[in-house]
Amino acid sequence: VGVLDPRPELTFPPGFLWGAATAAYQVEGAATEGGRTPSIWDTFSHTPGRVREGHTGDVACDHYHRLRDDVALMADLGLTSYRFSVSWPRVQPGGTGPANPEGLDFYRRLIDELLTHGIEPWLTLYHWDLPQPLEDAGGWPARDTAARFADYTTLVADALGDRVRYWTTLNEPWCSAFLGYGSGTHAPGRSDGADAVRAGHHLMLGHGLAVQALRAARPEAEVGVTVNLYPVTPATDAPADRDAARRIDALANRFFLDPLLRGAYPPDLMADLREVTDFGHVRDGDLAVISSPLDLVGINYYSRHVVAAPVEGVEPEAYWRSPSCWPGSEDVRFVSRGVPVTDMNWEIDAPGLVETLRRVHDEYTDLPLYVTENGSAFVDEVADGRVDDADRLAYFDAHLRAAHAAIGAGVPLRGYFAWSLMDNFEWAWGYTKRFGMIYVDYESQARIPKSSARWYAEVIRRNGLAAQ
Ligand code: PNW
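Under an unreviewed UniProt entry, the name given to the protein chain is Beta-glucosidase, and the source organism is Micromonospora costi. Regarding the protein chain, the relevant UniProt record gives this comment under Catalytic activity (unreviewed entry): "Hydrolysis of terminal, non-reducing beta-D-glucosyl residues with release of beta-D-glucose." Under Sequence similarities (unreviewed entry), UniProt gives the following word-for-word description of the protein chain: "Belongs to the glycosyl hydrolase 1 family."

In structure tokens:
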């Protein structure tokens, strides 16, 4: 940006929450300590060939042992909120039965440390670490898993509800269902379209039952869910490309938004999935549970999907997104526009955040919205003990300008959580992708706040962005 288009100073509404996010399996480590038992991610990461370089979350950022230092770093940044997840097998080993006091104690200490520093805890109940015995009993394609999730929710609400105001049930059910059971690129690594669709339904059913459990245990809790959303754009205006976009939008976005916020599956989605499933797993009353009233909606935003119609003779396997995570629409092509990408190869598209927030507000709900994740992986280099991540800083800056524009357009956006507080275990990519504002040296466990962290601290201090 040159002198001809200076960027103005932008101030956010008073009380806007400034946060950063992590997830249990990605940062905690201590996989076998304190009574914790394996989740599907322990099994998956210990299975050769599943995660890059054979990396596991056994140690991760060792956050389990470093929570005080890590909260001190959050306080240095001036965070007003911190989004973390509770590891189900840490607080309820095996996924059924009584609570594990030692596991709960870890989260009590974390939350108390946050509260001492004036940082609002945002608790996610499920960020992908299903207890392995529940997977052995069928996993999310099995209906009973939803009931087990509700029991676990009651256990956590009873134990931590006195300290936590903001709760979200699931993180990104699309990833759990379609990467876990469709493409198999995430745990548990199963690959069947019908299972993925069933998993998506039972995740949302579990969400609805968990909302009811939270209401019963903690009437004063602010309760929501986090979905990952993408604007889906046709590569051209041709009707076939527009139909491809409609199909991917149905699977990626409306599969979740419609049941959660309108109490119904979209008819066109059900028609697209005709060959995959007859939706016989949906019982009377499920959609009423799934659409239980919420207090807020969390949105994770990273990128846009640009798609085109299938081309005769072109193998879907050649496309850069795994076809098997789009059941019934496997042959839709994902197109690169040639715009700058992050180290995940995800296109950088800040206007897509405005589009996404406006869509949810205009088409679905007046509820307060929160960006519960937004961020980027880039290759970082440590030089003289510093990490100058200008590309990540620019990504945050562009997306915060987009967030501000959405507020200007009338979206009730109440907070923003950067993904991530620190580098961590990036799922199937292991430690090979870095999303953090704080650099983690996995040899020494040293933390180095990157330039983006220092910049974010200044954004928080001014409650907005400086003129440029
Ligand atoms: C989200 N995709 O994951 C998760 O909530 C985080 O735990 C994760 O570290 C972060 O985004 C960065 O990846 C996603 O393939 C994983 O579309 C994969 C996809 C989207 C989100």
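That was the structure; now back to the text.
Across its full length, the protein chain holds 15 helices and 17 strands. Its C-alpha atoms give the protein chain a radius of gyration of 21 Å, near enough to 23 Å, the size a compact globule of 468 residues would have. Counting the 468 residues in the protein chain, one finds 61% classified as buried. A sequence separation of at least 24 residues applies to 78% of the contacts in the protein chain between residues at least 6 apart. When the accessible surface of the protein chain is totalled, it reaches about 17000 Å², and 51% of it is carbon and sulfur.

Taken together, 18 residues surround the ligand, and among them Q26, H127, Y230, E373 and E426 come closest. A distance of 2.8 Å is found between an oxygen atom of the ligand and a side-chain nitrogen or oxygen belonging to W427. The element contributing the most residues to the shell around the ligand is helix α8 (residues 173-183), with three residues. For the shell around the ligand, the per-class residue count stands at ten nonpolar, four polar and four charged.

With that out of the way, let us pick up the sheet that holds strand β7 (residues 232-234). In a beta sheet, neighbouring strands are held together by backbone hydrogen bonds and run either parallel or antiparallel to one another. Here we have three strands laid out as an open sheet, ordered β7-β9-β10, and mixed in their pairing. Sheet topology places β7 and β10 (333-334) at the edges, where each strand pairs with a single neighbour. Of the pairings in the sheet, the one linking β7 to strand β9 (residues 305-308) comprises three bridges and is parallel in character. Paired with V232 across the strands is H305, a residue of β9. Across the sheet, helix α10 (residues 239-262) is in contact with β7, β9 and β10; its angle to β7 comes to roughly 170°.

The terminal C-alpha atoms of helix α13 (residues 351-364), which comprises 14 residues, lie 20 Å apart, in line with the 20 Å expected from a rise of 1.5 Å per residue. Those residues of α13 not exposed but buried are G352, L353, V354, T356, L357, V360, H361 and Y364. Buried residues belonging to α13 abut α10, β8 (296-300), β11 (369-373), α14 (390-408) and β14 (413-419).

Definitions and cut-offs
Residues numbered from 1 in each chain as written. Predicted model: local features only at pLDDT ≥ 70, side-chain atom pairs only at ≥ 80, totals over all residues. Heavy atoms only, no water. UniProt positions renumbered as here; feature names shortened; annotations may be inferred. Helix = DSSP H or I, 4+ residues; strand = E, 2+ residues; numbered from the N terminus. Rg over C-alpha atoms; globule rule 2.2 N^0.38 Å. Buried < 20%, exposed > 50% of the residue type's maximum accessible area, 1.4 Å probe, protein only. Contact = heavy atoms within 4.5 Å. Areas by Shrake-Rupley, 256 points an atom, 1.4 Å probe, with all protein chains shown as cover. Near = heavy atom within 4 Å. Polar contact = N/O pair within 3.5 Å; in protein donor to acceptor, adjacent residues only side chain to side chain. Nonpolar A, V, L, I, M, F, W, Y, C, P; charged D, E, K, R; others polar. Pairing = 2+ DSSP bridges. Axes fitted to C-alpha atoms, helices over the stretch in contact; angles between N-to-C directions. Expected span 1.5 Å × (residues − 1).

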